[in-house]
Amino acid sequence: MTTATHHEPAAIGHEAPHLEHFEDLEKQAHASRLGMWIFLATEVLLFGGAFALFASYQVVFPEAFRYSIHHNAKLLGSLNTGVLLVSSIFVAAAVHALRGGRSKLAAWLVTATMALGFAFLGIKSIEYSRHFAEGIFPGGVGSFFQEHRGPGFPEFWTLYYGMTGLHAIHVTIGIGVLAFLLAGIVRGKLTHVNSHRLDIGAIYWHLVDVIWIFLWPLFYLA
Amino acid sequence: MSSVAFPRSVTWTGVALIALWLASFGLSFVDLGDAALVVALVIAAVKAVLVVAFFMELAYEPFPMKLALLSAAAMLAILIALMAADLVTRDTPPLLPYRAPAPQS
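Residues numbered from 1 in each chain as written. Chains lettered and ligands numbered in written order. Predicted model: local features only at pLDDT ≥ 70, side-chain atom pairs only at ≥ 80, totals over all residues. Heavy atoms only, no water.

Re the overall build of chain A
Across its full length, chain A carries seven helices and zero strands. Counted from the first residue to the last, chain A has its helices and strands arranged as α-α-α-α-α-α-α. Taking all 222 residues of chain A together, the buried fraction comes to 54%. Partitioning the intrachain contacts of chain A with sequence separation of at least 6 by distance along the chain shows that 79% fall at a separation of at least 24. Carbon and sulfur atoms make up 68% of the accessible area of chain A, which amounts to about 9,200 Å² in all. (Helix = DSSP H or I, 4+ residues; strand = E, 2+ residues; numbered from the N terminus. Buried < 20%, exposed > 50% of the residue type's maximum accessible area, 1.4 Å probe, protein only. Contact = heavy atoms within 4.5 Å. Areas by Shrake-Rupley, 256 points an atom, 1.4 Å probe, with all protein chains shown as cover.)

Considering the interface of chain A and chain B
Listed per partner, the contact involves 49 residues of chain A and 45 residues of chain B. Interface of chain A and chain B: buried area, both sides summed, is about 3,900 Å²; carbon and sulfur atoms make up 81% of it. Seen at the junction of chain A and chain B, the total is two salt bridges. Of the charged contacts, one joins Arg99(A) and Glu57(B) as a salt bridge, the two residues approaching to 2.8 Å between their closest N and O atoms. For the interface between chain A and chain B, the tally reads five residue pairs in polar contact (both at pLDDT 80 or more). Broken down by secondary-structure element, the contributors of at least two residues to the side of chain A that touches chain B are helix H1 (25–60), helix H3 (74–99), helix H4 (103–133) and helix H7 (196–221) of chain A. (Buried area = accessible area lost by both parts, 1.4 Å probe. Salt bridge = Lys/Arg side-chain N within 4 Å of Asp/Glu carboxyl O. Polar contact = N/O pair within 3.5 Å; in protein donor to acceptor, adjacent residues only side chain to side chain.)

Let's talk about the packing of H3(A) against H7(A)
All names here are of chain A. The interhelical angle for the contact between H3 and H7, taken along N-to-C directions, is 160 degrees, at an axis separation of 9 Å. In terms of orientation, H3 and H7 fall into the roughly antiparallel class. Along this stretch, H3 crosses H7, giving a crossing that reads as left-handed. (Axes fitted to C-alpha atoms, helices over the stretch in contact; angles between N-to-C directions. Parallel < 35°, antiparallel > 145°, perpendicular 65-115°, else oblique. Left-handed = near helix turned anticlockwise from the far one by under 90°.)

A few points about the packing of aromatic side chains
Enumeration according to the criterion identifies 25 aromatic pairs over all chains in this entry. With a centroid separation of 5.1 Å and 5 degrees between ring planes, the pair formed by Phe132(A) and Phe137(A) is classed as stacked. Look at Phe137(A) and you get partly exposed, because its relative accessible area is 31%. Ring geometry for Trp212(A) and Tyr220(A): centres 5.8 Å apart, planes at 50 degrees, overall tilted. Side by side, Trp212(A) and Tyr220(A) carry an identical accessibility label, which is buried. Here the guanidinium or amino end of Lys74(A) rests over the ring plane of Phe29(B), the centre of that ring lying 3.7 Å away. (Phe/Tyr/Trp six-rings, centres within 6.5 Å; stacked < 30°, edge-to-face > 60°. Lys NZ or Arg CZ within 6 Å of the ring centre and 35° of its normal.)

A short note on a nonpolar patch on the surface
Taken together, Leu45(A), Met75(B), Ile78(B) and Leu82(B) make up a surface patch of nonpolar side chains, about 400 Å² in accessible area. Counting residues per element, the nonpolar patch draws most heavily on helix H3 (residues 63–89) of chain B, at three residues. (Patch = residues over 30% accessible without salt bridge, like charges linked within 9 Å, V, L, I, M, F, W, Y side chains within 5 Å.)

What to know about the nonpolar core
Residue and element names in this part refer to chain A. Counting residues in each nonpolar core, the largest one holds 81 residues, and the members touching the most others are Trp 37, Leu 198 and Phe 219. The dominant element in this core, judged by the number of residues it contributes, is H7, at 18 residues. Once residues lying within four places of it in the same chain are set aside, the contact partners of Phe 219 are Phe 54, Ile 69, Asn 72, Phe 156, Leu 159, Tyr 160 and Met 163. (Core = buried A, V, L, I, M, F, W, Y, C linked by side-chain atoms within 4.5 Å.)

Notes on the pattern of salt bridges
Under the definition given, this model contains seven salt bridges over all chains. Between Arg33(A) and Glu61(B) there is a salt bridge whose closest N-O contact spans 2.5 Å. Taken together, the positions of Arg33(A) in helix H1 and Glu61(B) in the loop between helix H2 (35–55) and H3 put the pair across two chains. In this structure, Arg33(A) and Glu61(B) share a single accessibility class: buried. Here Asp199(A) makes a salt bridge to Arg99(A), at a shortest N to O gap of 3.0 Å.

None of this, on its own, says anything about what the molecule does.
Here you go:
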């Protein structure tokens, strides 16, 4: 990479300075962020519906939910919270590094974010396999539900697999988005000139973190 | 100034998030009774606001941008309020606690 790459819009290719139907790059960046926020609003409603369902079952089956939360893998779930929080800090730092023209640092920070995303999925799969070994499967299937016959147990664990599984899908998509953006940074197509594109990916990654921030206390702590 | 890559808002948000994470984890070992869920959710809400405001930078965006998230929050509030109203006004819960049938012998 030559030293001139960072400050020469011509090196960015056809993506700079801005798409022709936008007046300038600032307006294009604003439009992309607004589009992302509208998408995130629909994500809030998707997960919000699931959270509402969880809350209503918790009111109806307080004992089964309390028992199941204590039974859950608290240490692994808490560790995963830390993993996602640190990944959010890394990707926020990456955005500012790229804006400041430090592409190499930004690339490393995005790589670290993705690595933590994989770590999250790894810990999650250890957690799932432990529950499978305990005879806990979605839909109230497994030996656990022979020993814990009351209603509320299938509801809790089905929501556990459903909501954490939906979240894990989002983490996976987030890693893919970051990989795409990382390729842009490494190839010099994504720099401080059009750094708003990294903003969009980072905002999505942060939303995935925010959802986990609420999943953690509900399924593991309280 | 080029050596200063990260605004202080990002640094301090990161520090606050880690501190709140540890606080929430520590408090989960304290028996707070029914307040435990409320305390954990309040801490979660503070963390979420920090991430949305300073990492997702919504604090610096114009109002129309904030409106997207606010409208989702409003719709969610309506959903939860109506659902709660339904739950507390039912004469009999539709999903009764399980009663084991008397053993037949």
